[in-house]
Amino acid sequence: MPEEVNNLLSRSIGKFNLSDVLSAAVVLLVCLLLVRLLLRLAARVLRRTKLEERVRRYVLGGLKIILYILTAVFTAGSLGVDMTSLVALLSVCSLGITLAAEDILGNVAGGLVILSSHPFSIGDFIEVNGTSGTVEEITMNHTKLVTLDGLMALLPNKELAGSKVINYTVLGRRRITWTLGASYDAPTETVKAACQLALAETPRLLADPAPSVCLTNYGDSAIEYTVYCWTETADFWTAKCELGERLREAFHKLGVEITYQHLNVHIVTPKNPEPDA
């Protein structure tokens, strides 16, 4: 490929004369002035959009590369260079680069989608394909998450842009759900009173939406009750742990048994047993 380019340039350079060089210089000067004006206009237009600063820089960088390539093509054409062969060579080179860097270009495209659509921001707690963590950094190739275990997870932007993303931070609050099993012997009102007592003694819970307690299932060994309440995102884990402790204390205070998986066996003696043979 480099030898073909050298041969093409060698054949073209031999045909240059002074008028061609002056004409090419004028074309180059005009093209550079146009490139400068177009870049300023594009920067002014992009500043009026809601795109992030990084996205604007990437767009301007790509536009600058395209404009400079067009400048080189027009200048070479004014010198009498065979543009058909040059364009063919550039097309082959660009195709090879595209195939070799398919994954990288896909990640870059995904990064632009993430930065422009804002599904999450730095500091948000998100979950993607079973991986959850706090967004540490958004680059053009990867998004860095810090998991609850203190590990760094790198997610390719190509997969991230096409996957289901759950953002736990963006709305500012989260719902806490606790499910407990109470004995069948415990009255429903007593169990609900114990849950309400635990809710009242748990700090960091929001009054609106109001907490609620529902009977949700009749299990094999217990009746299941589910407690729903809301807290601010920053207090979620602390509030959930505190509520679990208060529920246990409230059940013990009101005499409600928290049952575990068990099996009751009843032995029934017949009224008229058969005589021994």
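Provided above is the structure to which this section pertains.
Thresholds, definitions, all that
Residues numbered from 1 in each chain as written. Predicted model: local features only at pLDDT ≥ 70, side-chain atom pairs only at ≥ 80, totals over all residues. Heavy atoms only, no water. Helix = DSSP H or I, 4+ residues; strand = E, 2+ residues; numbered from the N terminus. Buried < 20%, exposed > 50% of the residue type's maximum accessible area, 1.4 Å probe, protein only. Contact = heavy atoms within 4.5 Å. Areas by Shrake-Rupley, 256 points an atom, 1.4 Å probe, with all protein chains shown as cover. Expected span 1.5 Å × (residues − 1). Arc of directions from axis to C-beta. Phe/Tyr/Trp six-rings, centres within 6.5 Å; stacked < 30°, edge-to-face > 60°. Lys NZ or Arg CZ within 6 Å of the ring centre and 35° of its normal. Polar contact = N/O pair within 3.5 Å; in protein donor to acceptor, adjacent residues only side chain to side chain. Pairing = 2+ DSSP bridges. Axes fitted to C-alpha atoms, helices over the stretch in contact; angles between N-to-C directions. Salt bridge = Lys/Arg side-chain N within 4 Å of Asp/Glu carboxyl O. Parallel < 35°, antiparallel > 145°, perpendicular 65-115°, else oblique. Left-handed = near helix turned anticlockwise from the far one by under 90°. Nonpolar A, V, L, I, M, F, W, Y, C, P; charged D, E, K, R; others polar.

Asks: Quick question: what am I supposed to make of the overall build of the chain here?
Replies: Of the regular secondary structure elements, the chain holds 8 helices and 8 strands. For the chain, the residues scored as buried account for 29% of the 277 residues in total. Sequence separation of at least 24 residues holds for 66% of the intrachain contacts in the chain that already meet a minimum separation of 6. Roughly 18200 Å² of accessible area belongs to the chain as shown, and the carbon and sulfur atoms make up 59% of that amount.

Asks: I would appreciate a short explanation of helix H7 (residues 188-200) in the present structure.
Replies: Over its 13 residues, H7 extends 18 Å from the first C-alpha to the last, a length consistent with the 18 Å expected when each residue adds 1.5 Å. Within the sequence span of H7, burial applies to Val191, Ala194, Cys195, Ala198 and Leu199. Down the axis of H7, the smallest arc covering the buried residues is 140°, so these residues share one side. Exposed residues pointing more than 90 degrees away from the buried face of H7 are listed as Glu189 and Ala200. Those residues of H7 that are buried are in contact with strand S6 (173-182), strand S7 (212-218), strand S8 (223-232) and helix H8 (236-253).

Asks: So what exactly am I meant to see when it comes to the environment of Phe236 here?
Replies: Considering the arrangement of structural elements, one finds Phe236 in helix H8. Along the chain, Phe236 and Arg174 lie 62 residues apart, while their C-alpha atoms are 6.7 Å from each other.

Asks: Help me out: how do you make sense of the packing of aromatic side chains in this one?
Replies: Each aromatic ring pair is characterised by the separation of its centres together with the angle its planes make. The full count for this structure, using the stated rule, is 3 aromatic pairs. A cation sits over an aromatic face here: Arg173 above Trp230, 5.0 Å from the ring centre. Positioned above the aromatic ring of Phe236 is the side chain of Arg174, whose terminal nitrogen or guanidinium carbon lies 3.7 Å from the ring centre.

Asks: Teacher, can you tell me more about the environment of Thr259 here?
Replies: Along the chain, Thr259 falls in the segment after H8. Since its relative accessible area comes to 15%, Thr259 is described here as buried. Dropping the residues within four chain positions of it, Thr259 is found in contact with Gly181, Ala182, Ser183, Ser221 and Ala222. Here Ser221 takes part through its backbone oxygen, which lies 3.4 Å from a polar atom of the side chain of Thr259.

Asks: Help me understand the pairing of S8 in this model?
Replies: Along any regular strand, the residues point their side chains to alternate faces of the sheet. Pairing geometry for S6 and S8, over 10 bridges, is antiparallel. Looking at the pairing, Ile176 lines up with Cys229 of S8. Where S7 lies against S8, 6 bridges are found, and the strand directions are antiparallel. Bridge assignment links Cys214 to a residue of S8, and that residue is Thr226.

Asks: Before we go on, may I ask you to explain the pairing of strand S4 (residues 152-156) in this structure?
Replies: Residues Ala153 and Leu155 of S4 are buried on one face, while the alternating residues Met152, Leu154 and Pro156, pointing to the opposite face, are not. In the sheet, strand S3 (residues 142-146) pairs with S4 via 5 bridges, with the strands oriented antiparallel. From the neighbouring strand, Leu145 faces S4, where its bridge partner is Ala153. Hairpin connection of S3 to S4: 5 residues between the antiparallel strands, including Gly150 at a positive phi of 80°.

Asks: Help me understand the sheet that holds S6, please; the structure alone is not making it clear to me.
Replies: Sheet strands pair by backbone hydrogen bonding; their relative direction is either parallel or antiparallel. In space, the 3 strands of this open sheet follow the order S6-S8-S7, with antiparallel pairing throughout. Either end of the sheet is taken by a strand with one partner, and the two such strands are S6 and S7. The average angle at which neighbouring strand axes cross in this sheet is 25°, direction not considered. Lying over the sheet, H8 contacts S6 and S8, oriented at roughly 25° with respect to S6.

Asks: What's the story with the pattern of salt bridges in this structure? I'm lost.
Replies: Pairing between side chains of opposite charge can happen when their charged atoms approach one another. By the definition in use, this model includes 4 salt bridges. Here Glu137 makes a salt bridge to Lys144, at a shortest N to O gap of 3.2 Å. The class for Glu137 is partly exposed, based on a relative accessible area of 34%. Overall, the relative accessible area of 27% leaves Lys144 in the partly exposed class. Lys253 is paired through a salt bridge with Glu201; the nearest N and O atoms lie 3.9 Å apart. With Lys253 in helix H8 and Glu201 in the loop between H7 and S7, the pair connects residues that are 52 residues apart, well separated along the chain.

Asks: I keep staring at the packing of H7 against H8 and nothing clicks. Help me out?
Replies: Viewed as axis vectors pointing N to C, H7 and H8 meet at an angle of 135°, and their least axial separation amounts to 8 Å. When the axis of H7 is compared with that of H8, the two are oblique. As for how H7 packs across H8, the hand of that crossing is right-handed. For the pair H7 and H8, the contacting residues are Val191, Ala194, Cys195, Leu197, Ala198 and Leu199 in the first and Leu243, Arg246, Leu247, Ala250, Phe251 and Lys253 in the second. A class-by-class count of the residues in the contact of H7 with H8 yields 10 nonpolar, no polar and 2 charged.

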